[in-house]
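# Topology and contacts: notes
Chain residues, written in single-letter form:
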2 protein chains.
Amino acid sequence: MTGGARPVPLHRIQVDDPFWNPVIELVRREVLPYQYEALHDRIDGAEKSYCIDNFIKAGRVVQALQNGKSVPTYPVDKWCYDDGNAAPEAFHGWVFQDSDAYKWLEAAAYSLISRPDSALAAKADGLIDLICAAQLPNGYLDTLYIINDRGAVFTNLRDFHELYCFGHLAEAAVAYYEATGKTKLLAAARRFADLICDTFGEADGKKRGYGGHELAELALVRLFEATGEQRYLDTARFLIRERGTKPYYFDRERGKETEADNYFYHQAHTPPVHQHEAVGHAVRGVYLYSGMADVARLCHDSALAAACQDIWENIETKKLYITGGIGATVHGEAFSFDYDLPNDLAYCETCASVGLIFFAQRMARLSLNARYGAVAERALYNTVLAGMGEDGKHFFYVNPLEVLPQASAEDERKRHVKPVRQPWFSCACCPPNLARLIGSVGAYAFAESADTVLLHQYIGATVQTENGVITVDSDYCRSGRVTVTVRGKQAFTLAARLPEWCDSVQASQPYTVQNGYMLFAVNGETVITLDFPVQPKLVRCSNRVRENVGKAAVTCGPFVYCAEAADNGDGLQRLVLSKNGALRRDGDRVLADGWREQADDKLYIEYKEPARTPTTVTLIPYYRWGNRGENEMQVYLRI
Amino acid sequence: MTGGARPVPLHRIQVDDPFWNPVIELVRREVLPYQYEALHDRIDGAEKSYCIDNFIKAGRVVQALQNGKSVPTYPVDKWCYDDGNAAPEAFHGWVFQDSDAYKWLEAAAYSLISRPDSALAAKADGLIDLICAAQLPNGYLDTLYIINDRGAVFTNLRDFHELYCFGHLAEAAVAYYEATGKTKLLAAARRFADLICDTFGEADGKKRGYGGHELAELALVRLFEATGEQRYLDTARFLIRERGTKPYYFDRERGKETEADNYFYHQAHTPPVHQHEAVGHAVRGVYLYSGMADVARLCHDSALAAACQDIWENIETKKLYITGGIGATVHGEAFSFDYDLPNDLAYCETCASVGLIFFAQRMARLSLNARYGAVAERALYNTVLAGMGEDGKHFFYVNPLEVLPQASAEDERKRHVKPVRQPWFSCACCPPNLARLIGSVGAYAFAESADTVLLHQYIGATVQTENGVITVDSDYCRSGRVTVTVRGKQAFTLAARLPEWCDSVQASQPYTVQNGYMLFAVNGETVITLDFPVQPKLVRCSNRVRENVGKAAVTCGPFVYCAEAADNGDGLQRLVLSKNGALRRDGDRVLADGWREQADDKLYIEYKEPARTPTTVTLIPYYRWGNRGENEMQVYLRI
């Protein structure tokens, strides 16, 4: 039992969970239709996407080229063309705009797996037709270059996201194939993948480049695993091996050379095998690290696996918010230095936590340990869920741990911190990323190998494994009771992750513990009842983190809690939790004994403790904050 | 006794003070010579000033024009020409670079008043010759436009600092005249002032403009007070009245119009008489507010005085750091919103605290109250002095209350926060501003009216007042004993400010208290001994300030203290002061009972109080921090 367990394919998982059902249903009923409209620029008041519009334009270009007509060229020299200055027929929106369509398709695919929906399937098929019509005969498929300048493809790998968009295309294609058996998008993705394999590599005449925004690495692996085509894995490995070698490709493609280490932002400062710390843009980072873990596993590359371990260790022990957020600074949407985890300036992009779950899943395959599932749980139940509003139509890109609406409005330093979720935004990476993760959440919960079935997350479901049918009846989020009914074909091991927050599990069957998993020997029909006592707890952060000394957070089960002004009045910094006071559950709220300090009138006062009165502090799950209008919020409170 | 007391002229004050003597001597011996070299670009490794170089170039232009030669024109379209792209003969450096020469001259003037120095006088006279040679025949004197484009003067009042540079010229001219009786620079300043009075005003054909960086207002008043020329006061009043009226002049000069309120950065969003909150660029703000207070006093403008009061109240009670720093954000070097006083992100420009002392001095003239002297003391003994290193050759522009060198090095958000003082920088407003304030510190300590002599600050000196000679023998900073010997010509009132930090003064003579001043009736020869018990104290900040809840600072007399890693080891956030423990003076250090928490290894821990061991926390005066190399520093510590 040292890793190697693959995720159970989604079509063999039927989720049925009191907590997750409404979330998944919200994605199906609200998020997917809303995002479909957003991609078509049909949401009043939302920033324009131009996504579908670009595919239509690119399709016209492809048609015109086939008809031998001349096609104009437009400059490809800005990150964003959505400034009203682009020619009407030129590409509009962000350079990575295609990816939103792919992410939507991937999410739609997952939804179709769990619940057939002919209207949704028709929308998806129509979109796939549009996408495929935009592909050049050689397989190239990125609307920015197809519309604007066919001759300039792959000339600015650092800034323009062709390999990144390809990655999302490939992920969507595999998902849609697995959902529907339809091969049209998969074929298109393979043709683009083949072009990429022909273009990039070590052989003479090939480009020794790699993408500025990683994703192609893990996507090529996914395509390899779906098709068995070895060159996809080889190219993924090439992209990782080549990255960060000197002289830098990103320099060479712009005809210059730097001596000093550079490109930390892109994790391209040094080859990944020599990387031991999470640096740079957080989303790019976890996408790369996921691809590294995949390649390390499939290629038995122990040096690369060691780098993955070091990076994981760095994130988990020095760069991870209690909410599972990563990326402490808005500058470069990036990891900051060790233990720099400010609450009110946090970036914690929703996509970064989505990517962290990808990384965790792959690390658990590389070398099983409960730490990966624990971090994935933290990210999933807190930052990822917080990214979406209760209506499915408003989203957080940034997930701070402390918000003062006046600061968001008036302080440039906190301009990125929004006190309420926003409707669709032009750089809309997060909403569809959320949708695809939630739609495939079962794949992060259940894994299997020849003789083991793993429960990484306690999500209620019926799972058809090679070893038999596992039915998980989960009340993990509320009472902590999980009943696992096994109808096994043979004797095997059921490995159930011990939650990090739980120190006294009750199990109805004997078990041993290995790497943080309870191992149950099961055979035939077996029922195992697990009771994880869900009780609110005070948790504190390492005192190496400057912002959180003298403070504590409240957790309950997998959820981190927070205080909002809507429940507690303004001035949350004047609340103090009692170290020894009671914490009581009240529905999904937690009530805590504490005090409220009287507000001082003078700015400077000879020291005496502020007058305070006993109060009950009301806390709600972090993922639900910001659903009641603008107000103050704090995860950490004084103690 | 309701204000009106004017500062005692500097030439009637002979400072002799155990604390201030070495500071003033450092300015004379190190700062002035160093800055003179810096203005001449003769400091190895320092950023270039180009200041003197520009005056030389402008002098050549004036000469050429007088000789009827044609002179080339260069674009005036950037803030800074110091980018290697300017033509060699064009203006170089920041647009306000002339002001550094004026500030140096003003500081030199004060030094000459207190201590004749023929070498320094010769340098100053030489510089004045250079400056006057650069003046156009019509009185205009700003090297940017003289060198680059004579036809474009006064066309971009918002961004280019002609009126600001004029202000420093006028201040220097008055100071140099008062120091030496020499009129050459004063005549030049008057000629430029006359041109400004002819150019700006309400009359038809005049420009209804005002400067983007205020200073001309208070400088015109100073010129009025030195010369009695009424139009200087009238123009100062005009600049203040016109400011912020709509349609905005700053819009009109660039041919556009905005409806919404704008120009908060320049305090030009609304007319000053309607301003009630300190907003925008902090240095510009306090310079404007000083001019407003001057004009309110001289023109008996009660509405303007009320605005000054409101703005003062806002700063003192909601926007003032314990160190006397103002300007909480790097964005616009500006005031932030009420109670937003972050320690580690603070801007607290040295110049802003210098300007706050100007404002305090003028408010005390408008309406006497000890609060003004108290804030000036805070700024003077803490942020202003911190601006200068012990060697007189290194300076802080930004004065944070908490520093982690790693954050300064790696965190973009704290790029402005330097962990050690810098040598001369190109935008070198602060060092010469410091020098001129320290050189004239007596003017902020002593004031007089017909029947009263005021001691705003307890600086040892012999002061020739209209009422008699006052000798102050001050050990205010160390023992708190101040002996005032009066040799009066008649009966008058000696008004001595009660320090804010002192709650039990011992005085050798009876007194009454009014507006925070002890009033002593004196006549003939009188000796008054004042004992202000200088004891270290714990002070806390209002719990409306989010960053400082659960923390305290240590003060001792006028000084705020701080902890440095050099004395306490790294991880200052893990130090906790005892609420009831002893605070002991040890030389100029303070030793405090407290604890050191053991550093946690895990990032998240079920709550228990961290293990800690008793320790003695060593604190040093804030103004002395950063003199022992890069290290952590904190003013506020946990308690």
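Below or above, wherever it landed, is the structure these notes cover. Only a predicted model underlies this, so the values are computations on that prediction, with no experimental measurement involved.

### Side note on the sheet that holds strand β1 (residues 6-7) of chain A
All names here are of chain A. Taken in spatial order, the six strands make up an open sheet running β1-β4-β5-β9-β12-β11, and their pairing is mixed. Two strands in the sheet have a free side with no partner beyond their single neighbour: β1 and β11 (512-514). Looking at chain direction, strand β5 (residues 452-455) and strand β9 (residues 492-497) are connected through four bridges and run parallel. By the bridge assignment, Thr452 is partnered in β9 with Thr493.

### Focus on the sheet that holds strand β6 (residues 461-465) of chain A
One open sheet accounts for six strands, arranged β2-β6-β7-β8-β13-β10 (chain A); its pairing is antiparallel. Bordering the open sheet on either side are β2 (13-15) and β10 (506-507) of chain A, each of which pairs with just one other strand.

### Looking at the pattern of salt bridges
Evaluation of the coordinates by the stated rule reveals 113 salt bridges over all chains. Among the salt bridges present, the one from Asp301 of chain A reaches Arg237 of chain A, with a minimum N-O distance of 3.4 Å. Pair noted here: Asp301 of chain A is in the loop between α11 (282-298) and α12 (302-318) and Arg237 of chain A is in helix α9 (residues 230-242), with a separation of 64 residues, a long-range link. Accessibility expressed as a relative area gives 24% for Arg237 of chain A, which makes it partly exposed. Across the pair Asp198 of chain B and Arg231 of chain B runs a salt bridge, and its minimum N-O distance is 2.5 Å. Taken together, the residues span a long stretch of sequence, with Asp198 of chain B in helix α7 (residues 184-199) and Arg231 of chain B in helix α9 (residues 230-242) at a distance of 33 residues. Salt bridges linked by common partners bring Glu225, Asp294, Arg297, Arg362 and Arg365 of chain A together as one network.

### Remarks on the interface of chain A and chain B
Contact with chain A, which involves 64 residues of that partner, is made by 64 residues of chain B. Both faces considered, chain A and chain B share a buried interface measuring about 5300 Å² in area, 52% of it formed by carbon and sulfur atoms. Contact with chain B buries area across many residues of chain A, yet Arg540, Arg546 and Tyr604 of chain A alone supply 17% of it, more than any other trio. Summed over the shared surface of chain A and chain B, the result is 12 salt bridges. For the pair chain A and chain B, the number of links is 40 residue pairs in polar contact (both at pLDDT 80 or more). For the side of chain A that touches chain B, the secondary-structure elements that each account for two or more residues are α12, α15 (405-410), β14 (536-541), β15 (551-556) and β20 (604-606) of chain A. In terms of residue count, β14 of chain A provides more of the side of chain A that touches chain B than any other element does, five residues in total. In the side of chain A that touches chain B, the residues fall into 26 nonpolar, 11 polar and 27 charged. Where β20 of chain A lies against strand β14 (residues 536-541) of chain B, three bridges are found, and the strand directions are antiparallel.

Conventions and cut-offs
Residues numbered from 1 in each chain as written. Chains lettered and ligands numbered in written order. Predicted model: local features only at pLDDT ≥ 70, side-chain atom pairs only at ≥ 80, totals over all residues. Heavy atoms only, no water. Pairing = 2+ DSSP bridges. Helix = DSSP H or I, 4+ residues; strand = E, 2+ residues; numbered from the N terminus. Salt bridge = Lys/Arg side-chain N within 4 Å of Asp/Glu carboxyl O. Buried < 20%, exposed > 50% of the residue type's maximum accessible area, 1.4 Å probe, protein only. Contact = heavy atoms within 4.5 Å. Buried area = accessible area lost by both parts, 1.4 Å probe. Polar contact = N/O pair within 3.5 Å; in protein donor to acceptor, adjacent residues only side chain to side chain. Nonpolar A, V, L, I, M, F, W, Y, C, P; charged D, E, K, R; others polar.

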